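Observations on the three-dimensional arrangement
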Amino acid sequence: AARPATARYRGRFAPSPTGPLHFGSLVAAVASYADALAAGGGWLLRIEDVDTPRTRPGAEDAIVRALSQHGFRWDGPVVRQADRTAMYEAALAHLTAQHAIYACTCTRRALESAPLAASGERVYPGTCRARGAATGTRPVHAAQRVRVGDAVVEFVDLLQGPQRQALASDVGDFVVRRADGLFAYRLAVVVDDAAQGVTTIVRGADLLSSTPRQIFLQRLLALATPYYLHVPVAINAAGEKLSKQTHAAPLPADPLPSLLAAWGFLQQPPPLAAPRTAAEFWAHATRAWSRARLPPVAMLPAPRALSGTPCSAAKR
Ligand code: GLU
Ligand code: ZN
């Protein structure tokens, strides 16, 4: 999308406080911070706690502390999605005024029998689409879905290259507000990135398939589309994405080995002399960061020592 040439680079890291920072989240943080530093841009920290049932007490503090120990410095205060509900309400009202959304009362079981797309996602078959707009009244326990119509979203990821998604066949009408009243992450993220003036989003490739929906929402809400760069996701020996669910290990206390491991994972030029402090690491990272060296793949194995115990080895 067109943007004023004067827009200064602004990046961000947006962790969900579901557990401590692990190697997988560190990789995304390192990539986005290094890209911002190298561009002479700003960098924000936003806690994505919109999904309150998944939020773990203490996780936010632990993440902020770990980031700061690893030498990350963000501009301004930490922003929390839990404080921004009014903005999401306003965005939803905007969608409602355009007749872009409707209530969906499908049961979980009904949704589970929906067809699977090539992406592995369930495609919502549009069961409630005809009914929603006409009734005017909103059932209390209803999700709100946005109509995708025949939209095809195309964009060029700065690392993964050209992307294209036909929303109707790949995902179908998707949820922007859940039946429990919580806003969907993909609505919140779009509202927040625009409100915070984020120009460049560097994050894990697990979100690549969600990006066309986010761009679709940006268009409905008349928001600028930022640049996207999706870095490979770190996987464990069992091929699973590192996460709380796959028992990813929290980062060790000494930040330097993890920073260097994340740097190596991203195939960046190693420092000639081993940095002694996180600040020295970041001084090198600012000079040496190279988008051209990033591996243009969706996932890569994490170093064993930082992976934790894979799910398949633990009891599910
Ligand atoms: N909160 C998301 C996560 O932790 C990241 C969202 C984003 O970077 O856009 O997976
Ligand atoms: Zn429905």
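Residues numbered from 1 in each chain as written. Chains lettered and ligands numbered in written order. Predicted model: local features only at pLDDT ≥ 70, side-chain atom pairs only at ≥ 80, totals over all residues. Heavy atoms only, no water.

Quick notes on the site of ligand 1
In the vicinity of ligand 1, the residues found are Arg12, Ala14, Pro15, Ser16, Glu48, Tyr185, Val189, Arg203 and Leu207. Backbone polar atom of Ala14 to a nitrogen atom of ligand 1: 2.7 Å apart, as the coordinates give it. In the model, a nitrogen atom of ligand 1 is placed 2.6 Å from a nitrogen or oxygen of the Glu48 side chain. In isolation ligand 1 has 300 Å² of accessible area, and contact with the protein removes 79% of it. Here the shell around ligand 1 is composed, by residue class, of five nonpolar, one polar and three charged. (Near = heavy atom within 4 Å. Polar contact = N/O pair within 3.5 Å; in protein donor to acceptor, adjacent residues only side chain to side chain. Areas by Shrake-Rupley, 256 points an atom, 1.4 Å probe, with all protein chains shown as cover. Nonpolar A, V, L, I, M, F, W, Y, C, P; charged D, E, K, R; others polar.)

Side note on the coordination of the zinc ion (ligand 2)
With distances of 2.1 to 2.3 Å, the protein atoms coordinating the zinc ion (ligand 2) are Cys104 (SG), Cys106 (SG), Tyr124 (OH) and Cys128 (SG). With four donor atoms in place around the zinc ion (ligand 2) and angles of 103 to 123 degrees between them, the coordination shape is tetrahedral. Each donor residue of the zinc ion (ligand 2) belongs to the same chain, with the gaps between them written as C-x1-C-x17-Y-x3-C. Here Cys104, found in strand S4 (residues 101-104), pairs with Cys128, found in the loop between helix H4 (108-112) and helix H5 (129-135); they are 24 residues apart in sequence, far enough to count as distant. The exposure classification of Cys104 matches that of Cys128, with both residues buried. (Donors = N, O, S within 2.8 Å, 3.2 Å for Na, K, Ca; no water. Tetrahedral: all angles 85-135°; square planar, octahedral: opposite > 155°, others 65-115°. Helix = DSSP H or I, 4+ residues; strand = E, 2+ residues; numbered from the N terminus. Buried < 20%, exposed > 50% of the residue type's maximum accessible area, 1.4 Å probe, protein only.)

What to know about the sheet that holds strand S5 (residues 143-146)
Read across the sheet, three strands follow the order S4-S5-S8 without closing on themselves; strand pairing throughout is antiparallel. Of all strands in the sheet, those bounded by a partner on one side alone are S4 and strand S8 (174-177). Looking at each pair of strands side by side, their axes are set apart by 45 degrees on average, direction ignored. As paired elements, S5 and S8 share three bridges and run antiparallel to each other. Within S8, the position partnered with Gln144 by the bridge is Arg177. Contacts between helix H8 (residues 211-220) and the sheet are confined to S5 and S8, with S8 contributing the most and set at about 60 degrees to the helix. (Pairing = 2+ DSSP bridges. Axes fitted to C-alpha atoms, helices over the stretch in contact; angles between N-to-C directions. Contact = heavy atoms within 4.5 Å.)

Function cannot be inferred from these measures alone, as they are strictly geometric.
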